[in-house]
Amino acid sequence: MTTGRLGTGRVNRAYTGIPTFLRAAYAPDVDRLEATVAVLGVPFDEGSPFMPGARFAPRSIREHSLRFGPAGIVDFATGETWLRRLLAEHRIVDLGDVDVRTADPETTMAALTETVRAIRGRGAMPLVLGGDHTITYPVVRGYDEPIHIVMLDAHLDYGEEPHGMVWTNGQGFRLAHALPHVQSLTMIGIRSARGKLEDIERARANGATIATMPVWRDRGPEGVIAHIPEGAPCYVSIDADVYDMSLIPGCVSGEPGGPSWDEVRATLMAIARRCRVVGFDFVEVNPLLDVGTGATSYLGALTAASFLGFVTGAD
Ligand code: MN
Ligand code: MN
């Protein structure tokens, strides 16, 4: 029985086998990593101040990623097929998940940072599956090179919790923005009525570029990233709640007035064209709240796999 390899004659129905992302080879030893892309799950939701459940997302997104066959991902808008070459050449591996120390986020997040640093040290690009949005700051902390951050989110995640709380999902971008190697921060899709104007002011005062929904729709996919130098190294963080809430029943933080799949896809394509993407994450899917066959996990798998295709230009 052959496993872990696409295109070798197996039918590989989505419900069969061990669910690694896109049925990539499982290679949990980061010190011996040989790959272009390393998938890393972070089943962590202790930073979610509302409802828990995002800890189940890495496994759920992996399961839904198995619904994409060995032919890759067909994009009817562009007439292209993504991922085929990448998968055929086996340059993507799945590292499995960060070992979560329940109720000890400091240690869990330190392990996450250490793993990302090791992935970069082996020359691979991390594709990180959250987890709640707390995880992006420790991921970005693991980069030793200068990077620009682009995030797609309905919320700024630029607040400041009282009592010195660090590991929550509403402030990671304030922390990440302050890291010395972070060159710029671009926030796209901002619209939550629960946001604070003082957070916008603070982010802008620190030099962040904020594209609210009207700005995004006015300037378009290329316009909202035009200030990022061409070819610049970019880390991209995608919060599921950037999508219009009608698309993401399995997400605790949905907001109305958000973009469609087509709009998000066009912007991710523009980012992949303009920047040198050095890593990305997809966060905040909550399978406990999801409906039907797992619509939100499917959208997460589609978004992550498509962006991977755009970034690697694989076809
Ligand atoms: Mn977020
Ligand atoms: Mn959000």
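Residue numbering note: each chain is counted from 1, following its sequence as written. Chains carry letters from A onward and ligands carry numbers from 1 onward, assigned in written order. Local features are withheld for residues below a pLDDT of 70 in this predicted model, meaning they are given only at 70 or higher, and side-chain atom pairs are given and counted only at 80 or more; totals for whole chains, interfaces and linings count all residues. Excluded from the side-chain calculations are hydrogens and water; all other atoms, namely the structure's heavy atoms, are used.

Novice: What am I meant to see in the coordination of the manganese ion (ligand 2) here?
Specialist: As a benchmark, a tetrahedral metal site with four donors has ideal angles of 109.5 degrees, while an octahedral site with six donors has ideal angles of 90 or 180 degrees. Every protein donor of the manganese ion (ligand 2) is accounted for by Asp 153 (OD), His 155 (ND1), Asp 239 (OD), Asp 241 (OD) and Asp 241 (OD), and the metal-donor separations fall at 2.0 to 2.7 Å. Each metal's donors comprise the N, O and S atoms found within 2.8 Å of it (within 3.2 Å for Na, K or Ca). Water is not part of the atom list, so some coordination spheres may appear incomplete. Sequence positions of the residues that donate to the manganese ion (ligand 2) give the spacing D-x1-H-x83-D-x1-D. In this structure, the manganese ion (ligand 2) lies 3.2 Å from the manganese ion (ligand 1), and both are coordinated by Asp 153. For the residue pair Asp 239 and Asp 241, the accessibility class agrees, reading buried in each case. Burial here depends on accessible area, computed with a 1.4 Å probe over protein chains only, as a share of the maximum for the residue type. Under 20% is buried, over 50% is exposed, and the range in between is partly exposed.

Novice: What is the right way to read the environment of Met 51 from this model?
Specialist: Along the chain, Met 51 turns up in the loop between strand 2 (37–42) and helix 1 (57–65). C-alpha of Met 51 to C-alpha of Val 252: the two residues are 201 residues apart in sequence and 6.5 Å apart in space. The contact rule is simple, with two residues in contact once any of their heavy atoms fall within 4.5 Å. Dropping the residues within four chain positions of it, Met 51 is found in contact with Val 252, Asn 286 and Leu 289. The helix and strand labels rest on DSSP assignments: H or I over at least four residues marks a helix, E over at least two residues marks a strand, and numbering proceeds from the N terminus.

Novice: Please clarify how the coordination of the manganese ion (ligand 1) should be interpreted in this entry.
Specialist: Distances from the manganese ion (ligand 1) to its protein donors, namely His 133 (ND1), Asp 153 (OD), Asp 157 (OD) and Asp 239 (OD), fall within the range 2.1 to 2.2 Å. The sequence pattern describing where the donors of the manganese ion (ligand 1) fall on their chain is H-x19-D-x3-D-x81-D.

Novice: Help me understand the layout of surface pockets in this model?
Specialist: Space left empty within the atom packing is revealed by a probe, the size of a water molecule, rolled over the atoms. Here the term cavity refers to a set of points on a 1 Å grid, laid over the protein atoms alone, in which a 1.4 Å probe fits but cannot get out; the term pocket refers to an open set having protein on both sides within 12 Å along at least five of seven lines, with lining residues being those that place an atom within 4 Å of a point. Grid points are joined across faces, edges and corners, and a volume is the space filled by probe spheres set on the points. Considered as a void within the structure, the largest pocket measures approximately 680 Å³ in volume. Looking at the largest pocket, it is lined by 31 residues, and the ones nearest its centre are His 155, Asp 157, Gly 170, Arg 194 and Gly 195. Tallying contributions element by element places helix 6 (residues 197–205) first for the lining of the largest pocket, with 3 residues. Looking at the lining of the largest pocket residue by residue, the class counts come to 9 nonpolar, 11 polar and 11 charged. Each residue receives one of three labels: charged for Asp, Glu, Lys and Arg, nonpolar for Ala, Val, Leu, Ile, Met, Phe, Trp, Tyr, Cys and Pro, and polar for the others, Gly being one of them.

Novice: Looking at this structure, how should I read the pairing of strand 8 (residues 182–190)?
Specialist: Looking down a regular strand, the side chains alternate between one sheet face and the other. Here strand 8 lies mainly inside the structure; 8 of its 9 residues are buried. Here 6 bridges tie strand 7 (residues 147–152) to strand 8, and the two strands are oriented parallel to one another. Along strand 8, the bridge assignment pairs Leu 152 with Ile 188. At least two DSSP bridges between two strands are required for those strands to pair. For strand 8 and strand 9 (residues 209–212), the ladder comprises 4 bridges, and the chain directions are parallel. Bridge pairing in strand 9 places Met 187 opposite Ile 210. Regarding the hand of the β-α-β motif, the stretch spanning strand 8, helix 6 and strand 9 is right-handed. Looking down the strands as they point away from you, a crossover is right-handed if its path from the first strand over the helix to the second goes clockwise.

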